[in-house]
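Residues per chain are reported as follows:
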Amino acid sequence: MNGWILAATAELGGGGAAALWGVTTGPPARRVVAQNMTTSALCPALLLLAQGYGRPAYVDLALLLALLGPVGTLVFARLLYDDLAGGRPSGWGLTWTAAALSAAVVIAVCVATGPGRAMVKLLVVGALLIAGNVIATRALSGGFRGVRGG
């Protein structure tokens, strides 16, 4: 076991357990926020595991998850619009914490990878992950001005 795998295990243990608890308990608003945070917990862990095991295919899986995770949250937000209208969930603290963790992981893996196409892919994964989660949290916490859900 190396440091990359240890960091991924710690990140999955903390973030994964919190996301699992949020998804399985509480009102629909908390469940949707936790579902959104699941992406923020899994993507950085996949990047760390890719570096730890030397498997670049894990980066492709992280890229797919960074694309589809926030889209799934937006679908849930649209389908549960009426249930969420009474009390909009606020996940901004979690979102910015997850964004900082994602940025730190992407920077660390980029430094270890070195310049090249792999670094560009890592930067794209990081940008998609952070931007997607910010957009999904914005949609969950009240949406965008001028856009109606119903």
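Anything mentioned here points back to the structure above.
Residues numbered from 1 in each chain as written. Predicted model: local features only at pLDDT ≥ 70, side-chain atom pairs only at ≥ 80, totals over all residues. Heavy atoms only, no water.

**Description of the side chain of Glu11**
So, step 1. With respect to the helices and strands, the residue Glu11 is situated in helix H1 (residues 3-24).
So, step 2. There is no salt bridge for the buried Glu11, and the closest opposite charge comes from Arg55, which lies 18 Å off by N-O distance.
So, step 3. Within the structure, Glu11 has its side chain in polar contact with the backbone nitrogen of Ala45 (distance 3.5 Å).
So, step 4. Look past the residues within four positions of Glu11 in its chain and what remains in contact with it is Gly16, Ser40, Ala41, Pro44, Ala45 and Leu101. (Helix = DSSP H or I, 4+ residues; strand = E, 2+ residues; numbered from the N terminus. Buried < 20%, exposed > 50% of the residue type's maximum accessible area, 1.4 Å probe, protein only. Lys, Arg positive; Asp, Glu negative; His and termini not counted. Salt bridge = Lys/Arg side-chain N within 4 Å of Asp/Glu carboxyl O. Polar contact = N/O pair within 3.5 Å; in protein donor to acceptor, adjacent residues only side chain to side chain. Contact = heavy atoms within 4.5 Å.)

**Regarding the environment of Phe76**
So, step 1. With respect to the helices and strands, Phe76 occurs in helix H3 (residues 57-79).
So, step 2. Along the sequence, Phe76 and Leu140 sit 64 residues apart, while their C-alpha atoms lie 9.3 Å from each other.

**Side note on helix H5 (residues 92-113)**
Because the α-helix completes a turn every 3.6 residues, residues three or four places apart line up on one side.
So, step 1. Here H5 spans 31 Å end to end across 22 residues, near enough to the 32 Å set by a 1.5 Å rise per residue.
So, step 2. Among the residues of H5, those classed as buried are Thr95, Ala98, Ala99, Ser102, Val105, Val106, Val109 and Cys110. Projected down its long axis, H5 shows its buried positions confined to an angular sector of 135°, all on one face. Across from the buried face of H5, at angles greater than 90 degrees, the exposed residues are Gly93, Thr97, Ile107 and Val111.
So, step 3. Check the buried side of H5 and you find it contacts H1, helix H2 (28-53) and helix H6 (117-140).
So, step 4. Gly114 sits one or two positions beyond H5 and adopts a positive phi of about 90°. (Expected span 1.5 Å × (residues − 1). Arc of directions from axis to C-beta.)

Geometric values such as these leave the question of function open.
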